[in-house]
Structures are given as structure tokens and as C-alpha cells.
Amino acid sequence: MNYHAYYPVDVVNGEGTRCTLFVSGCEHQCKGCYNQSTWRVDSGHLFTKELEDQIIADLNDTRIKKRGLSLSGGDPLHHANLFAIKELVQRVKLECLDKDIWLWTGYTFKSLSPTQRAIVKQVDVLIDGKFEQDKKDLTLKWRGSSNQIIYWVRDLT
Ligand code: SF4
């Protein structure tokens, strides 16, 4: 997996103070996409074990209390990212007590494959769906257009 950016302290993408990772790779090609440079899976930088370890350490750093990890992109559920994202969310759940995981994807919840669903089961909040320019709404929290849905995953299971 490649990634475009990692912010160890972020207050924009989800509730509370968070660590946020923007991965590479997205096949949705939404008109008006704010992040086209992330579309290619080989864009950005290689996501290494060292960065994975750093994310775990940042989440557990008590100097600035983090509420959790946000995964965006690009699309964390792009097929090229599934293995690395699965490993990362499993580590966060095992090694970071009381941290939540938010994940943004251009796929709709209903269209997810079994492999994608297995990852989503381990996250806490899912924001799904493509960005649709004619439904763009700047007043919405954590999403760009009104077709996108915020799922509290515990309510789905
Ligand atoms: S899902 Fe997100 S990153 Fe992908 S094309 Fe749509 S807006 Fe851009």
C-alpha cells in the first residue's frame, strides 16, 4: 500500500483529536474530487512497517490524548489496500485501548465485498459513498455530499 499523507495530530477528520492517514488508490473518479492526486495506487510513498509502528505509538502517546485513527484517501477499501488496512486496524484494536477508528470509502456499505466487510466490522465509524457534486453540501459534518452516509458500525451488527 502507498499513502499520501499522515498527520499525527488532526482535529478535522472525525471526532476529537486524531491521527489521520490518507492512503493512495481510488477507482471512483468522482467529478469534483478534492484529492485526484491520490487516485493512482503507485502515487505517494510506500506505507512501511516503521510508519505503522509510528501510528501505534502516536495513538498511545499520552502527551496529546488522541481519540482514535482516521483512514481516508484515496480509498482505504481499494483492493490494493485491503491487506495493509486489515493489518493496521487489527493492530490498533489490539494495541491501542479505547481508540476508535473512522474510515471513509467511496464504495457504498451495501456494495462491499466480504473482505471489505470484514475490515469494516473492526472500525467504529464508516462514511460511505462517492462524492456527488450535485449533492455537495458544505454544511455537512465529515462528508462532502448528502448521499454519503455516516454509519456507527456497532449499530449495524
Ligand atoms: S472516493 Fe474520494 S478520493 Fe475517490 S474519487 Fe471520490 S472523492 Fe476522490
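Placed above this text is the structure.
Since the structure is predicted, the reported quantities are computational estimates derived from the model, not experimental observations.

Draft legend 1. Up close: the nonpolar core. If you look at the biggest cluster of nonpolar residues, it comprises 32 residues, and the most contacted ones within it are L21, I55 and L71. The set of elements that each furnish at least two residues to this core consists of β1 (2–10), β2 (18–23), α1 (49–60), β4 (68–72), α2 (82–95), β5 (100–104) and α3 (114–120). Residues contacting L71, with those up to four places away along its chain left out, are L21, P76, I85, L88, V89, I101, W102, L103 and W104. Of all hydrophobic cores here, the second largest spans five residues; its members include W104, V125, I127 and W142.

Draft legend 2. Fine view of the sheet that holds β5. The strand order across the open sheet built from seven strands is β3-β1-β2-β4-β5-β6-β7, with neighbouring strands paired in mixed fashion. Edge positions in the open sheet fall to β3 (45–46) and β7 (149–152), since each of these has one partner strand only. Pairing between β1 and β2: five bridges, direction antiparallel. Bridging across to β2, Y7 finds its partner in T20. Lying on the sheet, α1 is in contact with β1, β2 and β4; it crosses β1 at an angle near 15°.

Rules and cut-offs
- Residues numbered from 1 in each chain as written.
- Predicted model: local features only at pLDDT ≥ 70, side-chain atom pairs only at ≥ 80, totals over all residues.
- Heavy atoms only, no water.
- Core = buried A, V, L, I, M, F, W, Y, C linked by side-chain atoms within 4.5 Å.
- Buried < 20%, exposed > 50% of the residue type's maximum accessible area, 1.4 Å probe, protein only.
- Helix = DSSP H or I, 4+ residues; strand = E, 2+ residues; numbered from the N terminus.
- Contact = heavy atoms within 4.5 Å.
- Pairing = 2+ DSSP bridges.
- Axes fitted to C-alpha atoms, helices over the stretch in contact; angles between N-to-C directions.

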